[in-house]
Amino acid sequence: MLQRMASGRIALLFFAIFSLLLLSACGDKNANTDSSAERGDGPKSVAIALGHGLDYLGVNPYEDGRENTVLRTVLFEPLVLETETGVFEGALAESWDVDETGTKWTFHLRKNIKFHDGTDFTSKAVKAAFEHYMADRQLAQRLGIAHITIPDDYTVEFTLKRPFAPFLNVVGSFQCTIPSPTSFDEKGNFVEPIGTGPYKIKSHSKEQVEFVANDDYWRGKPKIDNLTVVYIPDPQTTILALESGEVDLIGADGYGIPYSEIKRLQENKDFKVIENPDSSSLEWVAFNMYKAPLNDKKVRQAINYALDREEIAEYVYEGFATPAAGPIGFDDSIPWVDTSIKGYEHDPEKAKLLLAEAGWKEKSPEGYLMKDGQVLEVNFLIQSDRTWKPMGEIIQNQLKEIGIKVNLEMRDNNLIRDLIKKGEFDLAGLGSLGKSTADPYYYFQYYFTTRGLGTVVKGNEKLDSLVSEVVTNINQQERQAIYNGIQRELMEIVPGAFLVHPTKVTIMKKDIEGWEFAGTMDPLRYVYKLSR
């Protein structure tokens, strides 16, 4: 056993040293880091570490892949952009409008924008890109485009098959960026990434991607001349790289930094720590409402009262999280939150009373509640990562205090979703898939409607109707009322326990200015605002 532990430490140390040597080599090659930035002369550079731990999959805007997603809006741009506060601002389109039926969306494009190769950006490029996106069955279903017309070089009209209020959510995301037609050869094969974005690609590999500023960028040339994105899957190695000066910014997507290290680095005057309390991010526990013992609403309510969300935020996240109240957010910092929902207070006595009303009054020799000779026992599916493992353990202990036995079952994310579809679970730890800051419609569709791909609610006609209505209604005030109805129905039927909103944290060198958290799956979309 000791030999295995020693071998593991040696392997980790070797990986850390190797990664730093690789980063040092990259730094020597570019010879562009801190010295010039601190002197204020010469080209400015920033190296950003990302730690997804996935293989680099290239920069083809029409391909999938996490790394591809992260880099998408550095090179390419969509028609509009979703801001951190959940509103949309113009990007390649300077304005847009929708008719009263909600089926015709018109985008008025910016003029005098050039692609990286000097060719003009026009409506033809937009039409070509969306015709390709419409070939993807799942994306086409979300977009619902019947046809596209281009009245002139700077106008694009989308006619939808049906009203779709969150159309900007899809059009304004990394999924629908606009590459130059010259990015592809005559057969449609990807040749090179040519966009309108703030940076052009210089080189790319599985270890790092180098960018140079686009001199002709329509917003103005970025103040950072050279941008390097380095992949470092190990969190501790990422910290070492920051402290050694090999990279300048970590946690660009708000994740991957050990919470204890955040607190330590907050005390270091060489760095600035930016916290983003992100109401759009949510960790929650799904209940199987169709299987005993959780088919009893009082049991589901009891679990909610038994959970100490403040303790979870402090113990698991070391304070870098906000307790959740309802299914969207904790306040009105993002759209659509029903602020009248106050959530569940921590009240173990009320939880015990509800369980007693549900018939769970006897006790086993181990102290767990029983009914008809059966122990009140549930299985809890969680991922074995750095947050869900301790979260599972603390929830296990909190529920034990009210007499519920919790068995932790660690599974990978894909298996958990498969077991949920089959109904083979009691509790399952989940995140906020599809929960956009601007519009959480897909999150509600996915988890809480009968046809949702990951649904935990089946046959609830009221929810099905409300979610369908919020997608097709384009009146903002009416949509707010519908969203309030969705939230209140979920609080009424109790399909889960909404736990915490993790705070996303980015740490950078103190001389870097202009960092803006995107709150999306392409966290570098505002990198053009950086300076030092």
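Before reading on, note that the structure itself is shown above.
Scope of this entry: the structure provided in the associated data block. Model, not experiment: these values are computed from the prediction.

Some thoughts on the overall build of the protein chain
(1) Moving on: On a plain count of helices and strands, the protein chain comes out with 16 helices and 21 strands.
(2) Moving on: For the protein chain, restricting intrachain contacts to residue pairs at least 6 apart in sequence, the fraction spanning at least 24 positions comes to 68%.
(3) Moving on: In the structure as shown, the protein chain presents an accessible area of about 23,300 Å², 49% of it carried by carbon and sulfur atoms.

With respect to the side chain of arginine 72
(1) Moving on: Among the secondary structure elements, arginine 72 is positioned in helix H3 (residues 66–75).
(2) Moving on: On the accessibility criterion, arginine 72 (4% relative accessible area) is buried.
(3) Moving on: Here proline 61 takes part through its backbone oxygen, which lies 3.1 Å from a polar atom of the side chain of arginine 72.
(4) Moving on: Residue contacts for arginine 72: discarding those within four places in its chain leaves Asn60, Pro61, Glu63, Phe174, Gln175 and Thr177.

Observations concerning the pairing of strand E8 (residues 199–204)
(1) Moving on: Sheet analysis places E8 next to strand E9 (residues 208–213), joined by five bridges and oriented antiparallel. For serine 203, the partnering residue across the bridge sits in E9 and is glutamate 210.

Observations regarding the nonpolar core
(1) Moving on: Counting 123 residues, the largest nonpolar core has Phe107, Phe130, Phe158 and Phe448 as its most contacted members.
(2) Moving on: No other element matches the seven residues that helix H14 (residues 441–448) contributes to this core.
(3) Moving on: When neighbours within four sequence positions are excluded, phenylalanine 130 is seen to be in contact with Leu79, Leu143, Ile145, Ile148, Phe158, Val171, Cys176 and Ile178.
(4) Moving on: Counting 26 residues, the second-largest nonpolar core is a separate cluster that includes Ile48, Ile224, Ile512 and Phe517.

With respect to helix H10 (residues 309–317)
Two residues of an α-helix separated by three or four positions point the same way, owing to the 3.6 residues in each turn.
(1) Moving on: Turning to H10, its buried residues number three or more, namely Arg309, Ile312, Ala313, Val316 and Tyr317. Down the axis of H10, the buried set is contained in an arc of 100°. They therefore lie on one face.
(2) Moving on: The residue sitting at the N-terminus of H10 and contributing the capping side-chain oxygen is aspartate 308; that oxygen lies 3.2 Å from the backbone nitrogen of glutamate 310.
(3) Moving on: Residue glutamate 318 follows H10 closely and has a positive phi angle near 50°.

Notes on the pairing of strand E18 (residues 377–382)
(1) Moving on: By the bridge criterion, six bridges tie E18 to strand E19 (residues 405–410) in an arrangement that is parallel. Its bridge partner lying in E19, valine 378 is registered against valine 406.
(2) Moving on: For the crossover that starts at E18, traverses helix H12 (residues 388–400) and ends in the parallel E19, the hand is right-handed.
(3) Moving on: As paired strands, E18 and strand E20 (residues 427–430) are joined by two bridges and run parallel to one another. In the sheet register, leucine 381 faces E20, and the bridge partner there is alanine 428.

Notes on the sheet that holds strand E5 (residues 104–109)
(1) Moving on: Reading across the sheet, the four strands line up as E4-E5-E7-E6 and stay open at both edges, with antiparallel pairing between neighbours. Edge positions in the sheet fall to strand E4 (93–98) and strand E6 (145–152), since each has one partner strand and no second. Mean inter-strand twist for the sheet, computed between neighbouring axes without regard to direction, equals 20°.
(2) Moving on: Two elements, E5 and strand E7 (residues 155–160), share five bridges in a ladder whose sense is antiparallel. Bridging from a neighbouring strand, lysine 104 pairs with threonine 159 of E7.
(3) Moving on: The strands that helix H4 (residues 123–133) touches are E5, E6 and E7; relative to E6, the one it contacts most, it runs at about 170°.

Notes on unusual backbone geometry
(1) Moving on: For the peptide bond that leads from alanine 292 to proline 293, omega is 5°, which places it in the cis range.
(2) Moving on: Here proline 293 is to be found in the loop between strand E13 (283–287) and helix H9 (297–306).
(3) Moving on: Positive phi, normally seen in glycine, also occurs at asparagine 112, with a value near 65°.
(4) Moving on: By secondary structure assignment, the location of asparagine 112 is in the loop between E5 and H4.
(5) Moving on: Positive phi values are uncommon outside glycine, yet aspartate 372 reaches one of about 55°.
(6) Moving on: Secondary-structure assignment places aspartate 372 in the loop between strand E16 (369–371) and strand E17 (374–375).
(7) Moving on: A residue is classified by how much of its surface remains accessible, and aspartate 372, at 68% relative accessible area, is exposed.

Comments concerning the sheet that holds E16
(1) Moving on: Reading across the sheet, the three strands line up as E15-E16-E17 and stay open at both edges, with antiparallel pairing between neighbours. With partners counted over all chains shown, the strands left at the sheet margins are strand E15 (362–363) and E17, one partner each.
(2) Moving on: Note that E15 and E16 share two bridges and pair antiparallel. When the bridges of E16 are listed, lysine 363 appears paired with leucine 369.

Analysis parameters
- Residues numbered from 1 in each chain as written.
- Predicted model: local features only at pLDDT ≥ 70, side-chain atom pairs only at ≥ 80, totals over all residues.
- Heavy atoms only, no water.
- Helix = DSSP H or I, 4+ residues; strand = E, 2+ residues; numbered from the N terminus.
- Contact = heavy atoms within 4.5 Å.
- Areas by Shrake-Rupley, 256 points an atom, 1.4 Å probe, with all protein chains shown as cover.
- Buried < 20%, exposed > 50% of the residue type's maximum accessible area, 1.4 Å probe, protein only.
- Polar contact = N/O pair within 3.5 Å; in protein donor to acceptor, adjacent residues only side chain to side chain.
- Pairing = 2+ DSSP bridges.
- Core = buried A, V, L, I, M, F, W, Y, C linked by side-chain atoms within 4.5 Å.
- Arc of directions from axis to C-beta.
- Right-handed = clockwise from strand over helix to strand, strands pointing away.
- Axes fitted to C-alpha atoms, helices over the stretch in contact; angles between N-to-C directions.

In short, geometric facts, not functional conclusions.
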